[in-house]
Amino acid sequence: MLGQNENGVKKRMESRVMLNKVMMVLFFLATTVGLIFLGLLFYRVLTQGIGYLSWDYIRSFPAPYPDKAGIWAGLIGSIMLMAIVAVFSVIIGVSTAIYLEKYASKNKFTDFIRINIQNLAGVPSIVFGLLGLTFFVYMFQFGYTLMAGGLTMALLVLPVIVVAAQEALRSVPSEIEQASYGMGASKWQTIARVTLPAAIPGILTGTIIALSRAIGETAPLIIVGAATAIYTLPDSVLAKYTVMPIQIYNWTGRPQEEWQYVAGAGIIVLLAILLLMNSIAVLIRNKFSRRL
Amino acid sequence: MDNSLRSEGNQLNVQQMIEERKQKKSIGERIEKIVPWFLLLCASVSVLTTVGILFTLLRESIGFFSNVSIFEFYTGTSWSPWSGHYGVAPLIGGTLLITVIATIVAVPLGLMSAIFLSEYASDKVRRTIKPVLEVLAGIPTVVYGYFALTFITPMFQAIIPDLGIFNALSAGFVVGIMIIPMVASLSEDAMNSVPNALREGALGLGATKLEVVFKVVLPAAFSGIVASVVLAISRAIGETMIVTIAAGATPNLTMDATQSVQTMTAFIVQAATGDTTFGSTIYYSLYAVGMTLFVFTLVMNLIAQYISRKFKEDY
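Residues numbered from 1 in each chain as written. Chains lettered and ligands numbered in written order. Predicted model: local features only at pLDDT ≥ 70, side-chain atom pairs only at ≥ 80, totals over all residues.

1. Quick notes on the interface of chain B and chain A
Consideration 1: With 67 residues of chain B at the contact, the number on the chain A side is 62 residues.
Consideration 2: The element that contributes the greatest number of residues to the side of chain B that touches chain A is helix α1 (residues 2–65) of chain B, accounting for 20 residues.
Consideration 3: For the side of chain B that touches chain A, the per-class residue count stands at 44 nonpolar, 20 polar and three charged. (Contact = placed C-beta atoms within 7 Å. Helix = DSSP H or I, 4+ residues; strand = E, 2+ residues; numbered from the N terminus. Nonpolar A, V, L, I, M, F, W, Y, C, P; charged D, E, K, R; others polar.)

Laid out in structure tokens, this is it:
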């Protein structure tokens, strides 16, 4: 009787342990699905694009023939756009973070700003495009220019920078701020000369991550009118422009197969720049994470 | 004489110094007063952005609804703005079809990844796999669109021969792949915050790891998991480039995933790239569709925030 019971328990135990093992393998396989598609994507882009990638490709303007077309206008346009985005989003974003962390009193308005930033992060990027179209393109009359695109993108990435800067400011130990106050420094002197310098690595990392999101964005720039056929580089912030993702989108949409290789080559350039930006961000984080 | 002159000189110096110091202090004080106002001004930019979004969407939508009745817009089932049919249902249908496919792909895969990473993987494995998985979230959507059109669609065509070049299936599938890291990462965070004591209690009573997952960890992390899923769905609704490139531009009220559909976002891109004149009804329709899209994602985001606030478990 006792032996039978023991056997039953053992059997039941075995099946439970077995199920655990089977499910563990299943969970692992599910995890690899994402990784496999990531690998497939990189493999596909590399094999499709590498043949068209050359120095000539990088230095050429868009052209009606696949073997003459290049990414130069998009590359320079993207870099110039990022410069505008960086200037506006960093000044406004870091100031917002300082206000929220150091000056804001705990009231309804502060809560409102916080919740508002959280909600802005969830607004689809294309809606920011519509905002830019109404305000920057038509109301401020920038037209379809770098300035309109840059300001639209700056608003789009603002929440990312604010959140990153808030975290960076919060991670500065209050002891060094107290020491600064103790030496007779005022509030702003302490923030400008003690807190901000200590928070710069975190802010920089957040900024690079925000910019790497902006450099890959396509939809809002289509709405605020980044052109596809640009044969001169923009010479001012009020010039027409194009960016890499728009070029890639345009080439992907063409029916002839050669254009897909041209698009593939563009994607390689775009991903290489993204990789570079993210490596810099990781480097900064690792270099400064030991201190403080 | 000599002495008094020197003292006078000294006095002068001290007075000057005091005066200079006073002036400096007043500049410093002024900065001290101005800075908070400047910072507040910057902080209000984010509020102004929200106000601006609401303002443009509402104002231009009202312009649209003075030409097309709001009733026709929300109940009509035919969307062909170039011939004057403004029933938004096909665009909403297209958006929902893509979102449903993406959810079917992303939620099981994302949750299973989260369970593996949080409960089964060693620390070292988790620290390697999680960042790699998050790379998926950082890839530009135009690249996903390219991937869907030139790789996933031909792959599916090998299985379903009469699948068109543009179809909801590939687009939805790739949107799903894109939001996997969102589900996985946020759910994993939620599972990680379940205290180990609960797990150990269950393990001590003889539960297997799987039983701990389903009877302890998942219920305890439920609110975080649901919030992550809702946020991912909201992201799928607003996704633009993948569906524009891979799903085509046929407003089509269908639940057949092999068909080409047009989403709300894809219409906005199509109308913005075409020669839409400023002030025309089509121009205004951009905003009416944009507002509908905005309301969809806003509701999802508010639900996610409500869930994570209301059902937050504090340990």
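2. A short note on the nonpolar core
Consideration 1: Among the nonpolar cores identified, the biggest contains 184 residues, and V174, V183 and I242 of chain B are the most heavily contacted of them.
Consideration 2: Apart from residues lying up to four places away in sequence, V174 of chain B is in contact with Y144, F147, A148, I152, I242 and A246 of chain B. (Core = buried A, V, L, I, M, F, W, Y, C linked by C-beta atoms within 7 Å. Buried ≥ 20, exposed ≤ 12 C-beta atoms within 10 Å, placed from the backbone.)

3. Focus on the domain arrangement of chain A
Residue and element names in this part refer to chain A.
Consideration 1: Under the domain assignment used here, chain A contains domain 1 (2–52) and domain 2 (57–288).
Consideration 2: Taken over C-alpha atoms, the centre of domain 1 sits 38 Å from the centre of domain 2.
Consideration 3: Counting residues at the interface gives seven residues for domain 1, matched by eight residues for domain 2.
Consideration 4: Grouping the constituent residues of the side of domain 1 that touches domain 2 by class yields four nonpolar, three polar and no charged. (Domains from an automatic or database assignment.)

4. Quick word on the domain arrangement of chain B
Residues and elements named next belong to chain B.
Consideration 1: When the domains of chain B are assigned, the result is domain 1 (1–66) and domain 2 (75–310).
Consideration 2: Here the C-alpha centroids of domain 1 and domain 2 sit 46 Å apart.
Consideration 3: Contact residues are listed per partner, giving six residues for domain 1 and eight residues for domain 2.
Consideration 4: Looking at the side of domain 1 that touches domain 2 residue by residue, the class counts come to two nonpolar, three polar and one charged.

5. Re the packing of helix α3 (residues 72–103) of chain A against helix α6 (residues 146–170) of chain A
Residues and elements named next belong to chain A.
Consideration 1: Interhelical geometry of α3 versus α6 gives an angle of 40 degrees and a closest axis separation of 6 Å. Comparing the axis directions of α3 and α6 gives the class oblique. The hand of the α3/α6 crossing is right-handed.
Consideration 2: Class assignment for the residues of the contact of α3 with α6 results in 22 nonpolar, six polar and two charged. (Axes fitted to C-alpha atoms, helices over the stretch in contact; angles between N-to-C directions. Parallel < 35°, antiparallel > 145°, perpendicular 65-115°, else oblique. Left-handed = near helix turned anticlockwise from the far one by under 90°.)

6. So, the packing of helix α6 (residues 168–192) of chain B against helix α9 (residues 222–238) of chain B
All names here are of chain B.
Consideration 1: Packing of α6 against α9 brings their axes to within 8 Å, and their N-to-C directions diverge by 155 degrees. It follows from the interaxial angle that α6 and α9 lie roughly antiparallel. Both α6 and α9 take part in a crossing whose hand is right-handed. Packed against α6, whose contacting residues are V175, I179, M182, V183, L186, S187, D189 and A190, the element α9 presents G224, I225, S228, V229, L231, A232, R235 and A236 at the interface.
Consideration 2: Here the contact of α6 with α9 is composed, by residue class, of eleven nonpolar, three polar and two charged.

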